[in-house]
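Per-entry structural report
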Amino acid sequence: LAAGASPNAPGKGASMSPEDIANLYQDFDHQVAAVLHAGPTGTIVLDEGAQNLLKSLPVEMQVDISTQLISQPEIKNPSGWLVKACIAAGAKGTGPPSGGLSQ
């Protein structure tokens, strides 16, 4: 997995190309993308659910939460940490897609 990746991150089981990593946060505000690309071991790779929750918050909160995340290199599951932080900040998510896990 890419540096900073969680087991639930996009690209599970395969390493992400530099192009995939560069495009990972293209839908985010440039400030948020810059923070997430500046993690202690490189780009922080978040799963889709974590990304969606983060995007549901105002940009200022996105930057604040992302900055808190990258300032704590001991976090082993960045997506899980970020989901909890987003919910604590008032994010409302829709949860995983219906139909459960795909195989």
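Being a predicted model, the structure only gives us computed values, none of them experimental.

It is worth spelling out the nonpolar core at this point. Nonpolar side chains in soluble globular proteins tend to end up buried together. Counting residues in hydrophobic clusters, the biggest one holds 24 residues, and the most contacted among them are Leu-36, Leu-46, Leu-54, Leu-82 and Cys-86. It is helix H2 (residues 30-36) that contributes the most residues to this core, four residues altogether.

The subject of this paragraph is the packing of helix H4 (residues 59-70) against helix H5 (residues 78-88). At a closest axis distance of 10 Å, the pairing of H4 and H5 adopts a crossing angle of 140°. Looking at the two axes, H4 sits oblique to H5. Considering only the axes of H4 and H5, their crossing is right-handed. Facing Ile-65, Gln-68 and Leu-69 of H4, the residues of H5 in contact are Pro-78, Trp-81, Leu-82, Ala-85 and Cys-86. In the contact of H4 with H5, the residues fall into seven nonpolar, one polar and no charged.

Here the focus is the packing of aromatic side chains. With the rule as written, the count across this model stands at one aromatic pair. With 5.4 Å between their ring centres and 80° between their planes, Tyr-25 and Phe-28 make a pair best called edge-to-face. Here the two residues Tyr-25 and Phe-28 agree in accessibility, since each one is buried.

Here the focus is the side chain of Asp-47. Relative to the helices and strands, Asp-47 is located in the loop between H2 and helix H3 (48-55). Residue class for Asp-47 comes out buried when judged on its relative accessible area of 17%. Within the structure, Asp-47 has its side chain in polar contact with the backbone nitrogen of Gly-49 (distance 3.3 Å).

Considering the arrangement of structural elements, one finds Gly-80 in helix H5. Taking relative accessible area as the criterion, Gly-80 reaches 25% and is therefore assigned partly exposed.

Between H3 and H5, the least distance of the axes is 9 Å, while the angle of their chain directions is 30°. What the angle tells us is that H3 and H5 run roughly parallel. Note on packing geometry: the crossing formed by H3 with H5 is left-handed. From H3, Ala-50, Leu-53 and Leu-54 reach across to H5, where they touch Ser-79, Leu-82, Val-83, Cys-86 and Ile-87. By residue class, the composition of the contact of H3 with H5 is seven nonpolar, one polar and no charged.

The rules we used
- Residues numbered from 1 in each chain as written.
- Predicted model: local features only at pLDDT ≥ 70, side-chain atom pairs only at ≥ 80, totals over all residues.
- Heavy atoms only, no water.
- Core = buried A, V, L, I, M, F, W, Y, C linked by side-chain atoms within 4.5 Å.
- Buried < 20%, exposed > 50% of the residue type's maximum accessible area, 1.4 Å probe, protein only.
- Helix = DSSP H or I, 4+ residues; strand = E, 2+ residues; numbered from the N terminus.
- Axes fitted to C-alpha atoms, helices over the stretch in contact; angles between N-to-C directions.
- Parallel < 35°, antiparallel > 145°, perpendicular 65-115°, else oblique.
- Left-handed = near helix turned anticlockwise from the far one by under 90°.
- Contact = heavy atoms within 4.5 Å.
- Nonpolar A, V, L, I, M, F, W, Y, C, P; charged D, E, K, R; others polar.
- Phe/Tyr/Trp six-rings, centres within 6.5 Å; stacked < 30°, edge-to-face > 60°.
- Polar contact = N/O pair within 3.5 Å; in protein donor to acceptor, adjacent residues only side chain to side chain.

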